Amino acid sequence: MSSTEARADLPDAATTKALGAALAGVLRAGDLVILTGDLGAGKTTLTQGLGAALGVRGQVASPTFIVAREHEPLPREDGTRGPGLVHVDAYRLGSLGELDALDLDSSLEESVTVVEWGRGLAEALTEDRLEIDLERPHGGEVDMDDPSAGVRHVTLRGVGERWATVDLAGLVAGLVPSAEN
């Protein structure tokens, strides 16, 4: 299985949302994104940028208490629709069986599926996936809009043939001046 990787620094919430928006330009229906990171690392913030750029219905918020949220695509100016967004929080799921019970397979082909806290579970959904690790400085309450909260570090890893030709390094380099391969 092939893999591509890129790293960048995310100094604030706006840059994290901008990364989500940039990802919307390369994601397509059927893609799986697995987000990993501590509380306050920016998983939902990144997904908000992604949802806004995909043009989906409803506010993208953490699905912690409802586990999964579906966002239907809104019509574009030309009348077409892009992919929907399925946003899953796997934090409370203890097994692949519980993830399977969400019946993500039925929407996987028409939507971009984002699974927060999905490492160790969601990889079984497909061989082709984008794994995103977000790291933040530790300690205290975290407000992504507070510059003193510290810079987040993101690693994007494309796994499988779908991602073999996607230029992840170019995507983050165009977004954040401190990006590195």
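Structure's up top.
Let me begin by describing the structure that accompanies this report. Just so you know, these numbers come straight off a predicted model, no measurement behind them.

**What to know about the overall build of the protein chain**
Part 1: The helix and strand tally for the protein chain stands at five helices and seven strands.
Part 2: Listed N to C, the secondary structure of the protein chain is β-α-β-α-β-β-α-α-β-β-β-α in terms of helices and strands.
Part 3: With 181 residues in all, the protein chain has 48% of them scored as buried.
Part 4: The contacts in the protein chain between residues at least 6 apart in sequence include a share of 73% that link residues at least 24 apart.
Part 5: Taken as a whole, the protein chain presents about 8700 Å² of accessible surface, with 48% of it coming from carbon and sulfur.

**Some words on the side chain of threonine 155**
Part 1: One can find threonine 155 in strand β7 (residues 152-159).
Part 2: Discounting chain neighbours no more than four positions away, the residues touching threonine 155 are Glu5, Ala6, Arg7, Glu131, Ile132 and Asp133.

**Looking at a negative patch on the surface**
Part 1: Among the surface-exposed residues, Glu70, Glu72, Glu109 and Glu110 lie close enough to one another that they form a single negatively charged patch.
Part 2: Mapped onto the secondary structure, glutamate 109 falls in the loop between α4 (105-108) and β5 (111-116).
Part 3: Since its relative accessible area comes to 58%, glutamate 109 is described here as exposed.

**Structural notes on the nonpolar core**
Part 1: Among the nonpolar cores identified, the biggest contains 29 residues, and Leu23 and Ile132 are the most heavily contacted of them.
Part 2: When residues of this core are traced back to their parent elements, those giving at least two are β1 (3-10), α1 (13-24), β2 (32-36), α2 (43-54), β5, β6 (129-135), β7 and α5 (168-173).
Part 3: Sequence-distant contacts of leucine 23, that is, excluding residues within four places in its chain, are made with Leu46, Leu50, Leu130, Ile132, Leu156 and Leu171.

**Quick word on the pattern of salt bridges**
Part 1: According to the stated counting rule, one finds seven salt bridges in the structure shown.
Part 2: The salt bridge involving glutamate 131 is made with arginine 157; its shortest N-O contact spans 3.1 Å. In this pair, glutamate 131 sits in strand β6 while arginine 157 sits in strand β7, placing the two residues 26 residues apart along the sequence. Of the two residues, glutamate 131 and arginine 157, neither departs from the other in class, the shared state being buried.

**Here we look at the pairing of strand β4 (residues 84-89)**
Part 1: The buried count for β4 comes to six of six residues, which makes it a mostly enclosed element.
Part 2: Where β4 and β5 come together, six bridges link them in parallel fashion. Within β5, the residue paired with glycine 84 across the bridge is serine 111.

Conventions we followed
Residues numbered from 1 in each chain as written. Predicted model: local features only at pLDDT ≥ 70, side-chain atom pairs only at ≥ 80, totals over all residues. Heavy atoms only, no water. Helix = DSSP H or I, 4+ residues; strand = E, 2+ residues; numbered from the N terminus. Buried < 20%, exposed > 50% of the residue type's maximum accessible area, 1.4 Å probe, protein only. Contact = heavy atoms within 4.5 Å. Areas by Shrake-Rupley, 256 points an atom, 1.4 Å probe, with all protein chains shown as cover. Patch = residues over 30% accessible without salt bridge, like charges linked within 9 Å, V, L, I, M, F, W, Y side chains within 5 Å. Salt bridge = Lys/Arg side-chain N within 4 Å of Asp/Glu carboxyl O. Lys, Arg positive; Asp, Glu negative; His and termini not counted. Charge placed at Lys NZ, Arg CZ, Asp CG, Glu CD. Core = buried A, V, L, I, M, F, W, Y, C linked by side-chain atoms within 4.5 Å. Pairing = 2+ DSSP bridges.

Take it as geometry only, folks, not as evidence of what the structure does.
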